[in-house]
Amino acid sequence: MDTIRFEVRTLAEPGFQGETQEVAIYINGRNLVDIVREYEMPFTKRDGNTLIAGGYAGLPPAGVLPPSGHFLGEPSWAVYRDIDRVSVLECTCGVPGCWPFMVRITVDEERVIWSDFEQPHRRQGSPAGEWRYDALGPLVFDRRQYVEALSNLASLGAALEP
């Protein structure tokens, strides 16, 4: 099974002003942004703009920390939902919905599954061409480990409150 870890950290992207925090996601010990960058690089090379590969930041803690069900497939904010997928990463510009990375999150008794990854601005039929993430997943997490990672994230969020 895959493993997941969430971390609240200060975002140091050029476009953000002041100190902005994000929820960074680590899959099997690797930052999800780095993993997605590897999958997107061939598409961006084809398109002639490799700078947009992996052009993501984590979501702001205020909208996704538990008790929000965001990382269980039930986002609190509508801007983080697209049909049956949930945004797990957003554009580095900081504008919600600008350049999201979406995933279908399925929860059952024993597992949490991330599947059907998508960059909605590059879905099938997009004028800029389709980007496919078939080889990225599905990612299958032990539900107990996943919920524990979310609980750790919730305690981090409580420590961040004034």
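Residues numbered from 1 in each chain as written. Predicted model: local features only at pLDDT ≥ 70, side-chain atom pairs only at ≥ 80, totals over all residues. Heavy atoms only, no water.

Chemist: Account for the packing of aromatic side chains, naming residues and giving values.
Modeler: For any pair of aromatic rings, the description consists of the separation of the ring centres together with the inter-plane angle of the planes. What the rule picks out here adds up to ten aromatic pairs. With centroids separated by 5.5 Å and ring planes inclined at 45 degrees, the aromatic side chains of Phe141 and Tyr146 adopt a geometry described as tilted. One aromatic cluster is present, built from ring pairs that chain together Phe6, Phe71, Trp114, Phe141 and Tyr146. For Arg122, the ring lying beneath its charged end belongs to Trp131, and the centroid distance is 5.3 Å. (Phe/Tyr/Trp six-rings, centres within 6.5 Å; stacked < 30°, edge-to-face > 60°. Lys NZ or Arg CZ within 6 Å of the ring centre and 35° of its normal.)

Chemist: I'd love a proper account of the sheet that holds strand β3 (residues 30-31), names of residues and values included.
Modeler: Read across the open sheet, the three strands follow the order β1-β2-β3; overall the sheet is antiparallel. Edge positions in the sheet fall to β1 (4-11) and β3, since each has one partner strand and no second. Two strands pair when backbone bridges link them, and β1 and strand β2 (residues 20-27) are joined in this way by eight bridges, in the antiparallel orientation. Residue Arg5 lies in a different strand from β2, and its bridge partner there is Tyr26. (Pairing = 2+ DSSP bridges. Helix = DSSP H or I, 4+ residues; strand = E, 2+ residues; numbered from the N terminus.)

Chemist: Residue-level account of the side chain of Ser87, with values.
Modeler: Here Ser87 shows up in strand β6 (residues 85-91). Residue class for Ser87 comes out buried when judged on its relative accessible area of 0%. Only 2.6 Å separates the side chain of Ser87 from the side chain of Glu90, close enough to count as a polar contact. (Buried < 20%, exposed > 50% of the residue type's maximum accessible area, 1.4 Å probe, protein only. Polar contact = N/O pair within 3.5 Å; in protein donor to acceptor, adjacent residues only side chain to side chain.)

Chemist: Let's hear about the pairing of β2: which residues, and what values?
Modeler: Within β2, six of the eight residues are buried, leaving the element largely enclosed by the surrounding structure. Summarising the sheet, β2 and β3 pair through two bridges and their orientation is antiparallel. Bridge pairing links Ile27 to Arg30 in β3. Taken together, β2 and the strand that follows it, β3, pair antiparallel across an intervening segment of two residues, in which Asn28 is found at a positive phi of about 50 degrees.

Chemist: Can you lay out the pattern of salt bridges for me, pointing to particular residues and giving the numbers?
Modeler: As a working rule, side chains carrying opposite charge can pair if their charged atoms are close by. All chains considered together, the criterion is met by 15 salt bridges. Ionic pairing is found between Arg37 and Asp34, a salt bridge with its closest N-O pair at 2.8 Å. In this pair, Arg37 and Asp34 are both assigned in helix α1 (residues 32-47), three residues apart and thus about one turn of the helix distant. The exposure class assigned to Arg37 is partly exposed, which follows from its relative accessible area of 30%. Judged by relative accessible area, Asp34 falls into the partly exposed class, the value being 35%. For Glu118, the salt bridge identified is with Arg85, shortest N-O distance 3.5 Å. One end of the pair, Glu118, is in strand β8 (residues 111-118); the other, Arg85, is in strand β6, and 33 residues separate them in sequence. Taken individually, Glu118 and Arg85 each receive the classification buried, so the pair is uniform in this respect. Counted as one network, the salt bridges with shared partners bring together Asp82, Asp84, Arg85, Arg104, Asp116, Glu118 and Arg123. (Salt bridge = Lys/Arg side-chain N within 4 Å of Asp/Glu carboxyl O.)

As far as function goes, none of this settles anything; it's purely spatial.
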